[in-house]
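Geometric and topological summary
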Amino acid sequence: MIGAATVMMGAALAAYAVLFLEFPSGGNTLTETYPSPEKTMSAVVVTKSGGGGLSPYCTARIYVVENRPLLRKFLYDNDEVFAGDCLALVDFETMGTPHPVLVRWLSDALLQIRVRVDNSPVSLHSRDRTRKVRVAFLFDDLPSVPEVPATVP
């Protein structure tokens, strides 16, 4: 019972750190934590959007951290395994749902992340900082949009 409470406290501290340290002001920030099956590690997905109608933006980052809340309270850049535009993580089949799950633990040592392929740059790391977790990326093509021929009156 104490271990489960400690893990949950660690996830809450990680979310707090990302919310206020990584993205200090403006925009909407969403933080979701996905613990591994044995709860030794967690994947923390952080998305930030804002900018309004003229210059909208949405960025996403995924961190892999050990669930040791007393030793680490913050997320660091070297915990990052994915960084890019939110569209790279959008699941077009479930766009109506608030938070499509594209992060899935296959074991405590293997994390699977679905990524949509488009022209935006992404940063991918196949291992976490501790080298305990291998990250497997599944790449999906964006749905094709038919070209509309230009017409000149």
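What this report covers is the structure whose coordinates are included nearby. Computed from a predicted model, the values in this text were never measured in an experiment. (Residues numbered from 1 in each chain as written. Predicted model: local features only at pLDDT ≥ 70, side-chain atom pairs only at ≥ 80, totals over all residues. Heavy atoms only, no water.)

**A look at the overall build of the chain**
Our working definition: Counting from the N terminus, the helices are DSSP H or I runs at least four residues long and the strands are E runs at least two residues long. Any residue under 20% of the maximum accessible area for its type is buried, any over 50% is exposed, and the rest in between are partly exposed; the area is computed with a 1.4 Å probe on protein chains only. Throughout, a residue-residue contact means that at least one pair of heavy atoms, one from each residue, lies within 4.5 Å.
Scanning the chain from terminus to terminus reveals 1 helix and 8 strands. Ordering the α and β elements of the chain from the N terminus gives α-β-β-β-β-β-β-β-β. Classification of the 153 residues of the chain by burial places 33% in the buried group. Considering only contacts within the chain whose residues lie at least 6 apart along the sequence, 54% involve residues at least 24 apart.

**Quick notes on the environment of Pro56**
Take Pro56: it is sitting in the loop between β2 (41–50) and β3 (57–66). Separated by 29 residues in sequence, Pro56 and Gly27 have C-alpha atoms that sit 9.9 Å apart.

**Considering unusual backbone geometry**
Phi is positive for Lys39, which is not a glycine, with a value near 65°. We note that Arg131 has phi near 70°; this positive angle belongs to a residue other than glycine. By the secondary structure assignment, Arg131 is in the loop between β7 (122–124) and β8 (134–141).

**So, the environment of Ser42**
For the record, the criterion: Within 3.5 Å is the distance limit for a polar contact, defined as a pair of N or O atoms, with the added protein rule that one can donate a hydrogen and the other accept it, and that residues adjacent in sequence qualify only through two side-chain atoms.
The residue Ser42 is located in strand β2 in this model. Taking the C-alpha atoms as reference points, Ser42 and Glu66, 24 residues apart in sequence, are found 6.3 Å from one another. Once residues within four sequence positions are removed from consideration, Ser42 is found in contact with Thr33, Tyr34, Pro35, Tyr63, Val64, Val65, Asn67 and Trp105. A distance of 3.0 Å separates a polar atom in the side chain of Ser42 from a polar atom in the side chain of Asn67.

**A look at the nonpolar core**
Selection criterion: For our purposes a nonpolar core is just a set of buried Ala, Val, Leu, Ile, Met, Phe, Trp, Tyr and Cys residues, chained together by side-chain atoms within 4.5 Å.
Judged by nonpolar contacts, the single largest core of 21 residues is most densely connected at Ile62, Phe82, Val103, Trp105, Leu111 and Ile113. Contributions of two or more residues to this core are made by β2, β3, β4 (80–85), β5 (103–107), β6 (110–117) and β8. For Trp105, the residues in contact, after removing those within four places along its chain, are Tyr34, Pro35, Ser36, Pro37, Met41, Ser42, Ala43, Val64, Leu110, Leu111 and Val133. Val44, Val46, Tyr63 and Val65 belong to the second-largest nonpolar core, a separate cluster that totals 5 residues.

**Looking at the pattern of salt bridges**
What counts is decided by this rule: Salt bridges, as used here, are contacts in which a Lys or Arg side-chain nitrogen is within 4 Å of a carboxyl oxygen on Asp or Glu.
Considering all chains together, one arrives at 4 salt bridges under this definition. Here Lys132 and Glu66 are joined by a salt bridge, their closest N and O atoms 2.9 Å apart. One end of the pair, Lys132, is in the loop between β7 and β8; the other, Glu66, is in strand β3, and 66 residues separate them in sequence. Where Asp79 meets Arg129, a salt bridge forms, and the shortest distance between an N and an O atom there is 3.0 Å. Remark: Arg129 occurs in the loop between β7 and β8 and Asp79 occurs in the loop between β3 and β4; sequence separation between them is 50 residues. Asp79 sits in the buried class, given a relative accessible area of 0%. For Arg129, a relative accessible area of 33% puts it in the partly exposed group.

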